[in-house]
Every structure is written in C-alpha cells, then in structure tokens.
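Commentary on secondary and tertiary structure
This is what each chain is made of:
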Amino acid sequence: SSSAALFMGKPKSGSVVDSYQTVSVNCKKCKTKLFRYKKKNGTKSNLIKCYVERISEDCQNIVAEKQRQVDGGSNSNDEYDDEYDDD
C-alpha cells in the first residue's frame, strides 16, 4: 500500500499581506467578533480557510485557546461568519 502526501504552499507574508483588506470574523450564533483577518481578495468571496499568520487582531484569544485544545487533545467545531470592514 502506498501513501500520498499533500504538500501545500506556504502562505504569503510581510508587506504583501499588509496591503490585503482586513475582514472581521464573527460567531455565527452570537455575533461576537472573534478576530480580524487579512484577506487577499477582500469582499469578493467567502473566507474558506484561515492562516494563523494573517490574523491581525485576535479579539477573543482564539489562537491561544486553539493551541491549548490541541495540546490537551480537545476538539471544537465552532461555527463562524466573516463580515467585511472598510479597512
């Protein structure tokens, strides 16, 4: 049996990402702002996946909490919506 590995490209970073539009990602249920994210094509499409490197403001300490869950073995499947700011 052979196993295949999927290698994904590293996300862009630095001054290129700084020029991306910032979007707010909010909880779908309670509308609490979770984090602000540098999104390449702004409001032209939905946010499908996130790169930790592109989170510009972690309003609810999502990254730290997720890291604790990974370290502790817990798994969370929270839902979120992305809302667009004019930044």
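Scanning the chain from N- to C-terminus turns up two helices and four strands. What you see in the chain, going N to C, is helices and strands ordered as α-β-β-β-α-β. With 87 residues in all, the chain has 23% of them scored as buried. Partitioning the intrachain contacts of the chain with sequence separation of at least 6 by distance along the chain shows that 50% fall at a separation of at least 24. When the accessible surface of the chain is split by element, carbon and sulfur atoms take 48% of a total near 6,600 Å².

Attention now moves to the pattern of salt bridges. Throughout the structure, instances matching the rule amount to two salt bridges. The closest approach of N and O atoms between Arg-36 and Glu-57, which form a salt bridge, is 3.5 Å. Of this pair, Arg-36 sits in strand S2 (residues 33-39) while Glu-57 sits in strand S3 (residues 55-57); the two residues are 21 residues apart in sequence, bridging distant segments of the chain. Given the relative accessible area of 11%, Arg-36 is considered buried. Between Glu-65 and Arg-68 there is a salt bridge, and its shortest N-O distance comes to 2.7 Å. In this pair, Glu-65 and Arg-68 both sit in helix H2 (residues 62-72), three residues apart, roughly one turn of the helix.

All right, on to the nonpolar core then. In this structure, Val-23, Val-25, Cys-27, Leu-34, Phe-35, Tyr-37 and Leu-47 together form the largest nonpolar core, which totals seven residues. At the level of secondary structure, the elements contributing two or more residues to this core comprise strand S1 (21-27) and S2.

Parameters and conventions
- Residues numbered from 1 in each chain as written.
- Predicted model: local features only at pLDDT ≥ 70, side-chain atom pairs only at ≥ 80, totals over all residues.
- Heavy atoms only, no water.
- Helix = DSSP H or I, 4+ residues; strand = E, 2+ residues; numbered from the N terminus.
- Buried < 20%, exposed > 50% of the residue type's maximum accessible area, 1.4 Å probe, protein only.
- Contact = heavy atoms within 4.5 Å.
- Areas by Shrake-Rupley, 256 points an atom, 1.4 Å probe, with all protein chains shown as cover.
- Salt bridge = Lys/Arg side-chain N within 4 Å of Asp/Glu carboxyl O.
- Core = buried A, V, L, I, M, F, W, Y, C linked by side-chain atoms within 4.5 Å.

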